[in-house]
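These are the residues of each chain, in order.
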Amino acid sequence: MDNPIYVALSREMILRRQMDIVANNIANADTTAFKVENLIVKANPVQAPAPDGGPTTINYALDVALGRDFGQGALTQTGGELDVAIEGDGFFKVQTANGERYTRDGRFSLDSQGRLVTKQGQPVQGDSGDITVDVKKGGLNIARDGTISQGNERVGKLVAVSFSDNAALSKDGDGLYANKSNLSAGPAQSAILHQGMTEGSNVNPILQITNMIEVSRAYERMSKMIDQTAELDRQAINTLGKVTS
Amino acid sequence: MRALRTAATGMEAQQLNVEVISNNIANMNTVGFKKQRAEFQDLLYESLVRPGAQSSDAGTVVPTGVQVGSGVKAGSTYRILTQGSATRTDNKLDVMIQGKGYLQVLMPSGETAYTRAGNLSVNDQGQLCTPDGYLIQPSITIPADATDVAISASGQVQVTQPGASAPNQVGQLQLATFLNEGGLEALGSNLFAESGASGAATIGTPGDIGVGKLLQGYTEASNVDAVTEISALIVAQRAYEMNSKVITAADDMLQATAQLKS
């Protein structure tokens, strides 16, 4: 009898989570190389206890996965010598204390030993490990394929790697992705590196605000439904429970 | 609700963004000022269903999982070290650094600070100093009877004195360079200090490989570009507003919950 309440409750739980995700998208609308996220929800059919020919299945709402849209963010010119943006599919490889991580955030700098590092100071990996440059040799030039040169001298190569399925990467925070599903990583064929640019977040603010309105209204509808179902129960008890003489 | 706190981190981050932008605009006319940029990073993710978790005994794995992020944080405020444009001042003691390098300044504490602001003066003993009166290192004294001062591109300071036909060299300006200039710690008053991130200073002669040249009679203007800053300010303000809308929406949802069973 209380099935509508439970179904509405399952939807409400998901709406709350969806709101959390929308809030995270909006909070990161200005974060370099952030990829917009969406909750993927499915109907979860469950056999309902309905002995006398009632509806046999009811569908709860169940969140199954987080979809991340790896679409290209807008490239913004910064003029920074060590800002690199990836156009197309691909990730920079970064060595962290927890192992190898991947990022599209190419705002690099040099550490006190002249290594190319991320904002957290984690060394960026080139085709032969860490990339070390000597600023005394002059300006850095990063080619579209990642080759780093100073004047005529080649000092290293930034590599972009791509995966068979980006969706299976898990997010670590700080713009880093971890490969926890043991996907095979190969060189990114279609990636083009742009020096002096950063990739903006691909969050579309208008879409997120409409999502937010939708979630918030749906939540109100579900609350109303719970309320009305409870009201129905109340009336049934009151009416049917009346003893007539 | 997590959405409330997530939106709060967004508002905090945008507030910092506005603070950095306003500091850039305030320093538009500061000699040798380098603009800063607030950089954001997403916060930790909570895995509700862990990607890669086993979903059956047959070895199938959850391909994507459900991960909910908890907002944004300011990763760093990064200094953009592009060259500022040259401003002609005709002051004999103004030097502009073209290219990499910092003048060394002896602080009252005895430590060495570094500066790009080349608007120098002399103190009562004729020593070259910053507008605050801190001595430039290596110390250079301009004789009291000098009629003219010339500073060459490679940093030689020469004075013309009455009675002498040839100019007399009284000192050599030197520049300090760093592996990671962005890691220098700002002290205010256009001064910077060496930090663990910047690496140790390398002292060189102006004009050497990897060291900038000097230009007498000019100062380096700030590299703040008003149009970029104002457009960044608009973006920051709108982002702030959007985050506040999320807080309102999350609050509405909480209200709907609270009104159940009315």
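Residues numbered from 1 in each chain as written. Chains lettered and ligands numbered in written order. Predicted model: local features only at pLDDT ≥ 70, side-chain atom pairs only at ≥ 80, totals over all residues. Heavy atoms only, no water.

**Observations concerning the overall build of chain A**
- Within chain A, the regular secondary structure consists of 2 helices and 19 strands.
- Relative to the globule expectation of 18 Å for 245 residues, the C-alpha radius of gyration of chain A, 26 Å, shows a markedly less compact shape.
- By its C-alpha atoms, chain A is 105 × 30 × 30 Å across when sized along the principal axes.
- Within chain A, the proportion of its 245 residues that are buried is 48%.
- A separation threshold of at least 6 residues defines the contact pool for chain A, and within that pool the share at least 24 residues apart is 61%. (Helix = DSSP H or I, 4+ residues; strand = E, 2+ residues; numbered from the N terminus. Rg over C-alpha atoms; globule rule 2.2 N^0.38 Å. Buried < 20%, exposed > 50% of the residue type's maximum accessible area, 1.4 Å probe, protein only. Contact = heavy atoms within 4.5 Å.)

**Observations regarding helix 1 (residues 2-26) of chain B**
- Under the 1.5 Å per step criterion, the end-to-end length of helix 1 of chain B is 36 Å for 25 residues, consistent within 8% with the ideal 36 Å.
- Within helix 1 of chain B, burial applies to B:Ala3, B:Thr6, B:Ala7, B:Thr9, B:Gly10, B:Met11, B:Ala13, B:Gln14, B:Asn17, B:Val20, B:Ile21 and B:Asn24.
- Next to the buried residues of helix 1 of chain B lie helix 1 (3-27) of chain A together with strand 1 (36-42), strand 3 (66-69), strand 4 (72-79) and helix 2 (226-258) of chain B. (Expected span 1.5 Å × (residues − 1).)

**A short note on the sheet that holds strand 5 (residues 91-96) of chain A**
Residue and element names in this part refer to chain A.
- In space, the 6 strands of this open sheet follow the order 15-16-6-5-14-17, with antiparallel pairing throughout. Each end of this open sheet is capped by a strand with a single partner; those strands are strand 15 (170-173) and strand 17 (185-187). Direction aside, neighbouring strands of the sheet carry axes that sit 50° apart on average.
- Looking at chain direction, strand 15 and strand 16 (residues 176-178) are connected through 3 bridges and run antiparallel. Across the sheet, residue Gly 173 finds its bridge partner in strand 16, namely Leu 176. (Pairing = 2+ DSSP bridges. Axes fitted to C-alpha atoms, helices over the stretch in contact; angles between N-to-C directions.)

**With respect to the interface of chain B and chain A**
- Contacts between the two partners involve 63 residues from chain B and, on the opposite side, 60 residues from chain A.
- Surface buried jointly by chain B and chain A totals about 4900 Å² across both partners, of which 56% is contributed by carbon and sulfur atoms.
- One can count 6 salt bridges joining chain B with chain A.
- Residues B:Glu39 and A:Arg107 are paired through a salt bridge, measuring 3.7 Å at the closest nitrogen-oxygen approach.
- Considering each element in turn, the side of chain B that touches chain A owes the most residues, 12 residues, to helix 2 of chain B.
- Its residues assigned to classes, the side of chain B that touches chain A shows 28 nonpolar, 26 polar and 9 charged. (Buried area = accessible area lost by both parts, 1.4 Å probe. Salt bridge = Lys/Arg side-chain N within 4 Å of Asp/Glu carboxyl O. Nonpolar A, V, L, I, M, F, W, Y, C, P; charged D, E, K, R; others polar.)

**Quick look at the sheet that holds strand 13 (residues 153-157) of chain A**
Residue and element names in this part refer to chain A.
- Ordered by their spatial adjacency, 3 strands build an open sheet running 11-12-13, and the pairing between neighbours is antiparallel. On the outer flanks of this sheet lie strand 11 (140-142) and strand 13, each paired with one strand and no other. Pairwise comparison of adjacent strand axes, ignoring direction, gives a mean angle of 30° for this sheet.
- Pairing of strand 12 (residues 147-150) with strand 13 involves 4 bridges; the strand directions are antiparallel. Within strand 13, the position partnered with Ile 148 by the bridge is Gly 156.

**Looking at the confidence of the model for chain B**
- Here chain B averages 89 in pLDDT, while 98% of its residues score no lower than 70.
- Confidence metrics for the complex model read pTM 0.81 and ipTM 0.73. (pLDDT = per-residue confidence, 0-100.)

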